[in-house]
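What follows is each chain in one-letter form.
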Amino acid sequence: MTAMIDIRDAEKTFTMHLQGGVELPVVRGVSFQVRAGECVVLSGPSGAGKSSILKMIFGNYRCDRGRIGICHEGAQIDLAKAEPRQILSVRRATIGYVSQFLRAVPRVAAIDVVAEPLIANGAAREHAREQAGSLLRALNIPERLWALPPSTFSGGEQQRVNIARGFISDLPILLLDEPTASLDSANRAVVVDLINEKKRGGVAMVAIVHDDAIRHLIADRIVDVTSFAAAA
Amino acid sequence: MADNAVDGDQPLLVADGLSKSYGRLAACRDVSFALYPGEVLAIVGESGSGKTTLLQLLSAQLAPSAGSVSYRMRDGVMRDLAALGEAERRFLFRTDWGYVHQDPALGLRMAVSAGANVGERLMAVGWNNYGRIRNTASSWLERVEIDIGRIDDAPRIYSGGMRQRLQIARNLVTEPRLVFMDEPTGGLDVSVQARLLDLMRNLVSELGLSAIVVTHDLAVARLLSHRVMVMKGGRVIETGLTDQVLDDPCEPYTQLLVSSILPA
């Protein structure tokens, strides 16, 4: 079976022009594969470059060298060299990303924040809102909050809205950056169930989780990011 | 608004080597890019960087000193804007394009009613049934969240935010394929800005519009656009996917712009 994600020798350095052009190497020689239905957890201390690798796979950070192969609509595309239009197409049809923090659009109700990815992919508004409602319910967001913009929610509630938004689509690849960080144990268990359900559905996942117990519950394989340390 | 559909294999508008000089001053130098159907492009940069000059070149309001702009007409044929006849040019301005000015007074007729402001664009393309025009105008006022009870008031007595929403309705009523926007949220209160941005975001994605938005506000670029071009001294110095340019800026000037945003 071919890999959904196939990263070869990817490299990332930040050049800080406002600090006299100082070079900040982040990662080098990043190489790993993720197959359908597999959850790979990136491990390593804070600052090792875990989030940067996720952002490179999502096309949010540029990749200076190497290749980020993504299986997109039946063909492999190298995101490191893709045009903006191609990256957007990959995000619409192939890769979902649950960031650490919700970047909420002002004024938009929580249920619409969650439903939006489905609507953008052509689903009927009513159907999308039903799906959004059932995810919010599963994640214990009380129904009276659904019509409110999440900017007023607590950190944990915002994170659950974020998770619902990330899990609502049926995309073949999902990137998870600390999805359980600000959640209580009941909601962590819900997220573990959601992840395992995605796995059974054949979704390839890359996750960052600091909690050892959660890691054991979801990881099929662990990739140690310290081996990609770029510090000279 | 990176979730929007961006399909279509053929570009809608192509700029090729666009330059504009005023005597020795080069306001815009060698700008080339392609805009695809459904795509929203933001042009960012500080005052005097050449953003508005570029927008005027792209919308055929200024003649370039060098280079060209081509546009795919509704029949699918790519045409050089400089070579269009007067009738074709009028068609673009009246129907196929919208132009949202920073100052609504430039895009509206301030002394005639809101309904007439919207209806006028329809009459310009041949609508003549008063009832139909009024119905369409009121449905557009509703879409931009203007109380129908205000349809007979002139925008002179509207608030700044309402004027801007009316200007958007006037532009979109003819179902254009491309909308140019020059600092659409400039000069508005933050709360009014948020409402307008949310409205524009939804309209653009529902209608599958292409848009070119000039803004000095990176938050506007992030919310509305798929792609960004950063301008400095008349040149495009960095370009790419909006979140990539804003989260991982490469050029010194882009890093300065991004790092200059005050945290909310």
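For the structure itself, consult the block above.
Reading the values: rules and limits
- Residues numbered from 1 in each chain as written.
- Chains lettered and ligands numbered in written order.
- Predicted model: local features only at pLDDT ≥ 70, side-chain atom pairs only at ≥ 80, totals over all residues.
- Helix = DSSP H or I, 4+ residues; strand = E, 2+ residues; numbered from the N terminus.
- Rg over C-alpha atoms; globule rule 2.2 N^0.38 Å.
- Buried ≥ 20, exposed ≤ 12 C-beta atoms within 10 Å, placed from the backbone.
- Contact = placed C-beta atoms within 7 Å.
- Pairing = 2+ DSSP bridges.
- Axes fitted to C-alpha atoms, helices over the stretch in contact; angles between N-to-C directions.

Asks: I'm lost on the overall build of chain A in this one. Help?
Replies: If you tally the helices and strands in chain A, you get seven helices and nine strands. Against the compact-globule benchmark of 17 Å for 232 residues, chain A has a radius of gyration of 18 Å, which places it among compact chains. Considering only C-alpha atoms, chain A reaches an extent of 55 × 40 × 35 Å along its principal axes. Residue burial in chain A is summarised as follows: out of 232 residues, 45% are buried. For chain A, contacts bridging at least 24 residues in sequence account for 71% of all contacts bridging at least 6.

Asks: Would you take a moment to explain the environment of V26 of chain A for this structure?
Replies: Residues and elements named next belong to chain A. Within the element layout of this structure, V26 appears in strand β2 (residues 22-35). V26 sits in the buried class, given 22 other C-beta atoms within 10 Å. Separated by 202 residues in sequence, V26 and F228 place their C-alpha atoms 8.6 Å apart. If near-sequence neighbours (up to four positions away) are discounted, V26 is found in contact with K12, T13, F14, G49, S52 and A230.

Asks: Which parts of the structure should I look at to understand the sheet that holds strand β7 (residues 178-182) of chain B?
Replies: Pairing between the strands of a sheet comes from backbone hydrogen bonds, and it takes one of two forms, parallel or antiparallel. All names here are of chain B. Strand order in the open sheet formed by six strands is β6-β7-β8-β3-β9-β10, and the pairing between neighbours is mixed. The open sheet has two free edges, formed respectively by β6 (97-100) and β10 (235-241), since each of these has just one partner strand. On average, adjacent strands in this sheet sit at an angle of 15° to one another, irrespective of strand direction. Bridge analysis of strand β3 (residues 40-44) against strand β8 (residues 210-215) gives five bridges, and the strand direction is parallel. Paired with A42 across the bridge in β8 is V213. Of the strands in this sheet, β3, β7, β8 and β9 (227-232) are in contact with helix α1 (residues 51-58), which crosses β8 at around 155°. In this fold helix α6 (residues 160-172) packs onto β6 and β7, with an angle of close to 165° to the strand it touches most, β6.

Asks: Even after reading the chapter, I still don't get the pairing of β9 of chain B, so can you show me in this structure?
Replies: Every regular strand shows the same layout, with side chains that alternate between the two sheet faces. All names here are of chain B. Of all six residues in β9, six are buried; the element is thus mostly enclosed. Covered by surrounding structure in β9 are R227, M229 and M231 together with V228, V230 and K232, the residues of both alternating faces. As paired elements, β3 and β9 share four bridges and run parallel to each other. Its bridge partner being in β9, A42 is matched across the sheet by V228.

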